[in-house]
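Close look at the chain arrangement
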Amino acid sequence: MIHLKTEEEIQIIKESAQILGKAHGEIAKLVKPGVKTSVLDKVAEEFIRDHGGVPSFKNYNGSFPASLCISVNEVVVHGFPGNYELREKDVVAIDCGVYYKGFHSDSAYTYPLEGVDEKTLLLLERTYESLFKGIEQAKAGNRMGDVSHAIQSYVESFGYGVVRELVGHGVGKNLHEDPEVPNYGKRGKGVKLVVGMVFAIEPMINMGTKNVVQERDGWTIRTADRKPSAHFEHMVAVREDRAEVLTTHKYIEENYSFKWRNRSR
Ligand code: MG
Ligand code: MG
């Protein structure tokens, strides 16, 4: 069942998303070789709690151990923060959620560390672009398949693999609600988009095969061929003639030292 949001609820979600965006910005200041991923997690949790929120992921399903998912290189999503220290050439996907005044927000960004090769930077850049191809389609009157198809057709044109097992999702009083937002699909198919829908669009795109495997910890998902993967996520509200992006990567882009998206090719 899809819970449509009122204008007031969307405003609260935007407040939640501001705390989330700024938490991402605090993390961005610290992403560099030598930092332990558990430190990033601690900083995010403290920032969220200091601003009146609760980390949405902590204890999710009674078992997720952290406030961030930190997924390095061949890990697609749901990696745990821990003792691992980031290294040059890593690509590091950081996903975070905030619960505030009864509503969740959810967004993710993949950082390339200095030294990453151009081929991997292109994977990240095109995955980022695919997110916006999807967002452009998230307007009233379209179908979910229009969003899915826009993402899939763009990234597959470069030969990348689109993960099938994990999808975007509605967000509201629950972190994961209907509708599902697949990153693959057919134009004109699927749920009809109406004003008041709020959902997360989150392409998870692999350099190689689309196939993934789950590690024995029950959470960590990695590529079957151990090639790198990228993940970017925004939440949108469906409007009459457009999608409104509710989350922000602005604080990440202000604070991350490696300006990889503005590099000259
Ligand atoms: Mg999500
Ligand atoms: Mg997320």
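Counting restarts for each chain: residues are numbered from 1 in the order of the written sequence. Labels are handed out in written order, letters beginning with A for the chains and numbers beginning with 1 for the ligands. Since the coordinates come from a predicted model, pLDDT governs what is reported: local features require at least 70, and pairs of side-chain atoms require 80 or more to be given and counted, while whole-chain, interface and lining totals use all residues. Side-chain figures throughout are based on the complete set of non-hydrogen atoms in the structure, without hydrogens or water.

**A look at the sheet that holds strand E10 (residues 204–206)**
The criterion for strand pairing is that DSSP finds at least two bridges linking the strands in question. Helix and strand labels come from DSSP, where a helix needs a run of H or I of at least four residues and a strand needs a run of E of at least two; each type is numbered from the N terminus. Read from one edge to the other, the open sheet built from three strands follows the order E6-E10-E13, with strand pairing classed as antiparallel. Single-partner strands in this sheet number two, and they are strand E6 (161–162) and strand E13 (229–231). Sheet topology note: the E10/E13 ladder contains three bridges and is antiparallel. Looking at E13, one finds that Met-204 is bridged to His-231. Contacts from helix H3 (residues 118–136) reach E10 and E13, with the element oriented near 30° to E13. Residue contacts are defined here by distance: any two heavy atoms, one from each residue, within 4.5 Å place the two residues in contact. Fitting a line to C-alpha atoms yields each axis, with helices limited to the stretch in contact; the angle taken between N-to-C directions then spans 0 to 180 degrees.

**Re the nonpolar core**
Counting residues in hydrophobic clusters, the biggest one holds 57 residues, and the most contacted among them are Val-31, Leu-40, Ile-94, Tyr-111, Phe-199 and Ile-201. Residue contributions to this core peak at seven residues, all from H3. If near-sequence neighbours (up to four positions away) are discounted, Leu-40 is found in contact with Ile-27, Leu-30, Val-31, Val-35, Leu-68, Ile-70, Leu-86 and Ile-94. Think of a nonpolar core as a cluster: buried Ala, Val, Leu, Ile, Met, Phe, Trp, Tyr and Cys residues, connected wherever their side-chain atoms sit within 4.5 Å. When a residue's accessible area, from a 1.4 Å probe over protein chains only, is under 20% of the maximum for its type it is buried; when over 50% it is exposed; and in between it is partly exposed. Membership of the second largest hydrophobic core comes to nine residues, among which are Ile-10, Val-171, Val-198 and Leu-246.

**Remarks on the layout of surface pockets**
As defined here, a cavity is a set of points on a 1 Å grid over the protein atoms alone where a 1.4 Å probe fits but cannot get out. A pocket is an open set with protein on both sides within 12 Å along at least five of seven lines, and residues line them when an atom is within 4 Å of a point. Grid points are joined across faces, edges and corners, and a volume is the space filled by probe spheres set on the points. In this model, the largest pocket occupies a volume close to 350 Å³. Around the largest pocket, the lining is made up of 19 residues, and of these His-78, Leu-166, His-169, His-176 and Glu-202 lie nearest the centre. Think of it as three bins: nonpolar holds Ala, Val, Leu, Ile, Met, Phe, Trp, Tyr, Cys and Pro, charged holds Asp, Glu, Lys and Arg, and polar takes everything else, Gly as well. Tallied by class, residues from the lining of the largest pocket come to 10 nonpolar, four polar and five charged. Of the volumes computed, that of the second largest pocket is approximately 160 Å³. Around the second largest pocket, the lining residues are Thr-37, Ile-70, Ser-71, Val-72, Glu-74, Val-75, Gly-79, Phe-80, Tyr-84 and Thr-220. No other element matches the three residues that strand E2 (residues 68–72) contributes to the lining of the second largest pocket. Class assignment of the residues belonging to the lining of the second largest pocket gives a composition of five nonpolar, four polar and one charged.

**With respect to the coordination of the magnesium ion (ligand 1)**
The coordination sphere of the magnesium ion (ligand 1) contains the protein donors Asp-106 (OD), His-169 (NE2), Glu-202 (OE) and Glu-233 (OE), at a distance range of 2.1 to 2.2 Å. Sodium, potassium and calcium take a 3.2 Å donor cutoff, other metals 2.8 Å, and in both cases only N, O and S atoms count; water is not among them, so sites may look incomplete. Sequence positions of the residues that donate to the magnesium ion (ligand 1) give the spacing D-x62-H-x32-E-x30-E. In this structure, the magnesium ion (ligand 1) lies 3.1 Å from the magnesium ion (ligand 2), and both are coordinated by Asp-106. Here the residue Asp-106 occupies a position in strand E5 (residues 103–112), and His-169 occupies one in strand E7 (residues 168–170), the gap between them amounting to 63 residues. Looking at Asp-106, the relative accessible area reads 3%, which means it is buried.

**As for the packing of aromatic side chains**
Here a pair means two rings of Phe, Tyr or Trp (six-membered ring of Trp) with centres within 6.5 Å. Their orientation is stacked below 30 degrees between planes, edge-to-face above 60, and tilted elsewhere. Evaluated as defined, the whole model comprises 11 aromatic pairs. With centroids separated by 6.3 Å and ring planes inclined at 70°, the aromatic side chains of Tyr-109 and Trp-260 adopt a geometry described as edge-to-face. With Tyr-109 in strand E5 and Trp-260 in the segment after helix H5 (250–255), this pair connects stretches of sequence that are 151 residues apart. For the pair formed by Tyr-109 and Trp-260, the shared burial category is buried. An aromatic cluster is built from Tyr-109, Tyr-111, Tyr-128, Phe-132, Phe-232, Tyr-256 and Trp-260, whose rings are joined through pairwise contacts. Counting as a charge over the ring demands two things of the Lys NZ or Arg CZ atom: a distance within 6 Å of the ring centre and an angle within 35 degrees of the ring normal. We note Lys-133 situated over the ring of Tyr-154; from NZ or CZ to the ring centre the distance is 4.8 Å. Cation over ring: Arg-164 sits above Tyr-184, and NZ or CZ is 4.9 Å from the ring centre.

That is the geometry; function is a separate question.
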